[in-house]
Structure formats: C-alpha cells, structure tokens
Amino acid sequence: MAIATIGMLSSCSSDLLDKNPTTAISGETFWMTDADARMALTGVYRRLQAGFYGQGKLWLDTYSDNALDRHSYYGFGDLTQGIVNSTNVSDAFYNTPYAGISGCNFFLDNIDKAPSTEAQKVVYKAEARFIRALFYFDLVQAFGAVVLYKTEPKTVDEGKIAKSSKEEVLAFIHSELDDVISDLPDAAYAGHAVRGSAQALKTRVYLFQQNWSEAAKLADQIMKGGKFQIYQGGYQNLFLTATQQNNPEIMFSTKYLAPNNPQGGEGVLVEIGWYGAIAPYQNLVDAYEMKNGKRIEEPGSGYVATDPYSNRDPRLTLTIKVPTEKYINPDGSVFEESDPLLTGYSQKKYVNLAMLPFNRTKTPMTDQNIVHIRYADVLLMYAEAKNEVSGPDQSIYDALNAIRERSGVNMPKVNTAVYNTKEKLRDFILHERRIELALEGHRYYDLKRRNLMQSTLAPLKNPGGAPLRFGEINNVLPFAQSELDRNRQLVQNQGYN
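Residues numbered from 1 in each chain as written. Predicted model: local features only at pLDDT ≥ 70, side-chain atom pairs only at ≥ 80, totals over all residues. Heavy atoms only, no water.

If you check an unreviewed UniProt entry, the chain appears there as Putative outer membrane starch-binding protein from Sphingobacterium detergens. Per its UniProt entry, the chain bears the Sequence similarities (unreviewed entry) comment "Belongs to the SusD family." (UniProt positions renumbered as here; feature names shortened; annotations may be inferred.)

Draft legend 1. Region of the structure containing unusual backbone geometry. Each neighbour pair has its own omega, and for Leu-356 with Pro-357 the value is -5 degrees, a cis peptide bond. Looking at the element boundaries, Pro-357 is found in the loop between strand S5 (346–347) and strand S6 (370–374). One non-glycine residue, Asn-451, lies in positive phi territory at about 55 degrees. With respect to the element layout, Asn-451 can be found in the loop between helix H14 (443–449) and helix H15 (453–457). A positive phi angle, close to 65 degrees, is found at Asn-475, a residue other than glycine. (Helix = DSSP H or I, 4+ residues; strand = E, 2+ residues; numbered from the N terminus.)

Draft legend 2. The arrangement of the environment of Asp-112 in detail. For Asp-112, the location among the structural elements is in the loop between helix H3 (95–110) and helix H4 (118–143). Its relative accessible area of 48% is what places Asp-112 among the partly exposed residues. A sequence separation of 75 residues divides Asp-112 from Ala-37, and the C-alpha atoms of the two residues are 9.2 Å apart. Each residue touching Asp-112, except ones within four places of it in the same chain, is listed here: Lys-121 and Lys-125. A distance of 3.0 Å separates a polar atom in the side chain of Asp-112 from a polar atom in the side chain of Lys-125. (Buried < 20%, exposed > 50% of the residue type's maximum accessible area, 1.4 Å probe, protein only. Contact = heavy atoms within 4.5 Å. Polar contact = N/O pair within 3.5 Å; in protein donor to acceptor, adjacent residues only side chain to side chain.)

Draft legend 3. Structural view of the packing of H3 against H4. The interhelical angle for the contact between H3 and H4, taken along N-to-C directions, is 155 degrees, at an axis separation of 9 Å. Judged on the interaxial angle alone, H4 and H3 are roughly antiparallel. H4 is crossed by H3, and the crossing has left-handed handedness. Along its contact with H3, which presents Pro-97, Tyr-98, Gly-100, Ile-101, Cys-104, Asn-105, Phe-107 and Leu-108, the element H4 presents Tyr-124, Lys-125, Ala-128, Arg-129, Ile-131, Arg-132, Phe-135, Tyr-136 and Leu-139. In terms of residue class, the contact of H3 with H4 is made up of 12 nonpolar, two polar and three charged. (Axes fitted to C-alpha atoms, helices over the stretch in contact; angles between N-to-C directions. Parallel < 35°, antiparallel > 145°, perpendicular 65-115°, else oblique. Left-handed = near helix turned anticlockwise from the far one by under 90°. Nonpolar A, V, L, I, M, F, W, Y, C, P; charged D, E, K, R; others polar.)

Draft legend 4. Representation of the side chain of Glu-176 within the structure. For Glu-176, the position within the fold is in helix H5 (residues 166–183). With residues up to four places along the chain from it excluded, the contact list for Glu-176 reads Arg-129 and Arg-132.

Draft legend 5. Structural detail: the nonpolar core. One finds Tyr-63, Phe-93, Phe-107, Tyr-136, Ile-173, Phe-252 and Leu-477 to be the most contacted residues of the largest nonpolar core, which totals 151 residues. Sorting elements by how many residues they give to this core places H4 first, with 14 residues. Every residue in contact with Phe-107, bar those within four places of it in the chain, is listed here: Trp-31, Ala-37, Ala-40, Leu-41, Val-44, Tyr-124, Lys-125 and Ala-128. (Core = buried A, V, L, I, M, F, W, Y, C linked by side-chain atoms within 4.5 Å.)

Structural data, given as structure tokens:
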C-alpha cells in the first residue's frame, strides 16, 4: 500500500518540517526506523496545508462583516446573503478536517510499529493528537454534533456511523488536550506543536463553551509561563516568511517551504495580491480607531472625511491596502490588481511586497506560514474571559495594552475611565479582537460563538447592493447532501431537511 495517501511525502532529516518533500514511500518497508516515524508525522502536519488550514484560512473572514469573497472561491457570496443549504457549503468545512483526522488516526494506529524510543513516541503521538483535536474543534464550531473517529475505520462500511453529540466531541477534545499538554515539550514554538500550542487551543475551546473561568485560568498560565511574547519587530512581519521562523509570538502555524513545498495553487501573493480576491468592507476600515484612540465618529477624534486614512491606527494600513496607497513595481511602474476592487480595498496582510510584481504567468514561490495561534490571541482570550468572570481589572487592561503598544503600532492605552464596566469593556475587547486579528480567519467563528452573526451582518450590503444575512439554522452549517448519501447513518442538522 502506498503511504503517500496520507500525505507522507518528505525526505529524511533531523527536522522534516524544514525540508522539502521528494519521493513517495512504500508501505511494505515503512515504520522500520525512527526516520520513518518522523516522516509519517510530517505527513500529518502536511494535512494542514489544505482547505481552511492553508492559505484558504484567510478567506474565512469573507464569511463575516470583514470582507468580500471577491471571486466566491468558497461560495461565501451566497452564504453571506443567507443562502445556506446542503448543496452550497464548501467541502473545506467538512472533508478537509476529516481527511486530516484520517491521517492522524492512521499515524496513531501505526506509530508503535516504529523502533523509536518510548520518549520519542510520546511526543510524536501528542503532536498528532493535538492536530486531530484542532480538526475536531473546527468541525464542532461549524456543524455542532459530528461523527467521531478515535481510530481509523478498517473498511468503508465501518466508517458509516452516526454522529456523536457536540458535548461528547468537546469532551473528547478536552481529554485529548489534557494528555497532550502533559506530553508536549514546554518550549517555544519552532514548527512542531508545543505545550503552549495545546494550552492555547484548549483556552479557545473553553471560550467557545463560554466557560470563562477555565479560559481565564489557562490563558493566565500561558502568560505566566513566559515562553511567548508580543513580537516587537513589526506587526506586518508576523505574516512574512523571513520573520516567522522562531518568532516569539507565533504559537502554531501551517508551514510551507519553497521551492518544492510552497503554498498550493497560486498562493496568497497572486490570489490576494494580484487578484485582490479578499476585498475588505468599508465597515472594517471604519472600525479602526484614530491614532489618539478615539473611534472616527467620536467627538475630538480628529477624523477628516476628505483624508480618511491619515492619523489612524497603524494596523489599518498594515492590514489593508487603501485607495491612496500605491504598490511600486521594480521598474518604477505602479502595480495594479488584475480585477477591479469591488469595495475599493484589498488585503495587504500576508502580501510580501518585496516580491513585486505579482504575475500569474510567473507564479512566485510563496511560502509564508499561515498562523493559527499567536500570543496576541491568548492575551485577547484572557481579557475576554477574565472580564466575564469578574469585570474590569488592571490585568485585563495590561493584556490589551501589551497588544496596542507593540512597536510600530503604539496605540494609546485603554481608556479606563470610559471602559470601566463589564459591558463597555466587553465591547471594547471584541472590537480590539476584530482589529488585531483582522483578515486572519477568526472573525466568522468569533461572531458565531457570541451569537452576533445575524445582528452584525444585518446593517451591511455587498457591492451589488444585496443585504447581508446570516442563513445558518441553529448556528450550524448543514451537512453536504453528498455526505448524507455516502453515510446513511448521518442525520442532517435540524432545520435543513
């Protein structure tokens, strides 16, 4: 059997995640060495290069009030108009994580065949279980109750089983992460999952469950652990290859390596750089504060409608290309996107301007890592959870200020005289979360877990004038009809029949 079916294409080295893949592997001679085990683990990690775990993750913000899916790559044009049914939901929500789970289970079912030391196997298994927990959590966020495979089914028919309840899947995720937290190294992130990666994911799960007390406690542990910190080398550089390696803020990411393992297809440089495929809404642009910390509509903000991008939070023009900005090609000409910008804006975050001009016929080897968890998110999760537990306190303001005062952003501290109640500070934290994490793929799930999708989309229209609506029933997506036909034990989510 060819083990390449679970994505195990790599060369043998001391750190396979930092090497380019070369050839496929023969199953008959596999699991014979520790190098085989590490190669197989690389295959597990490579599952993260597909769907909403690779560059597609950025498109999740177009299923929100943040941006438009310019070419409706993932069908979000319909979904954001409230058209949600069993035939039009991207399989990236379902098939991609299940393919990843299959790879994790295959690895876990076979790793004991390898002659690796027991200590090595403990860590390898923990990494695979962490990734599996990540996949399952995204499935729960999207669909609620889902089919739970703890091992790889031996036959196709064995895989046709009923879904487990949302509570059962979440309990499995927590149990897995508890073990993983104990088994993973307590170290800075350098490409492989570490204890902080798992702690942060578990914090995110608690936040989803609105278990504010446990979320705050776990985030506080990460903060006091001292393994991660806000990166002071430039906000924009968090998303560019040269400064992503051993970055103290990045806690988990999908890794790529040019030239043989770059981002799939045309990568973010062409798709969001040249095509302008992710088009931020004016609503997001307007949400950025002025440099003095005031919202543009506040008295004394200094906002000038005829000069709307001056004196704004620097994260605005580090995240979004605004109409007054020009990209200059190496020959001195002005770069122009291939297609009209329907909102007037395009995404700048993750776009490496040093690789201009972007050209579809000469696709650059893009290998920026896609960041899933970073320390700023932990600080935001702590602030949100701690505020819900006990209201405003200095530790919350300190967490928020650490983000706002990073080098190159230098926004004012939170105004404690204004944001001095739980309700007011909650709004501020969610707003800060939107700004700090904009166009990174978090907004959709953040709005869903707070039951804010409907109210947030309602005031907005797409560039064609169609009102935005939230069409999900009971806050979950429907299973694809093709999946229901394949697995007759799977019952459609309520309301979609």
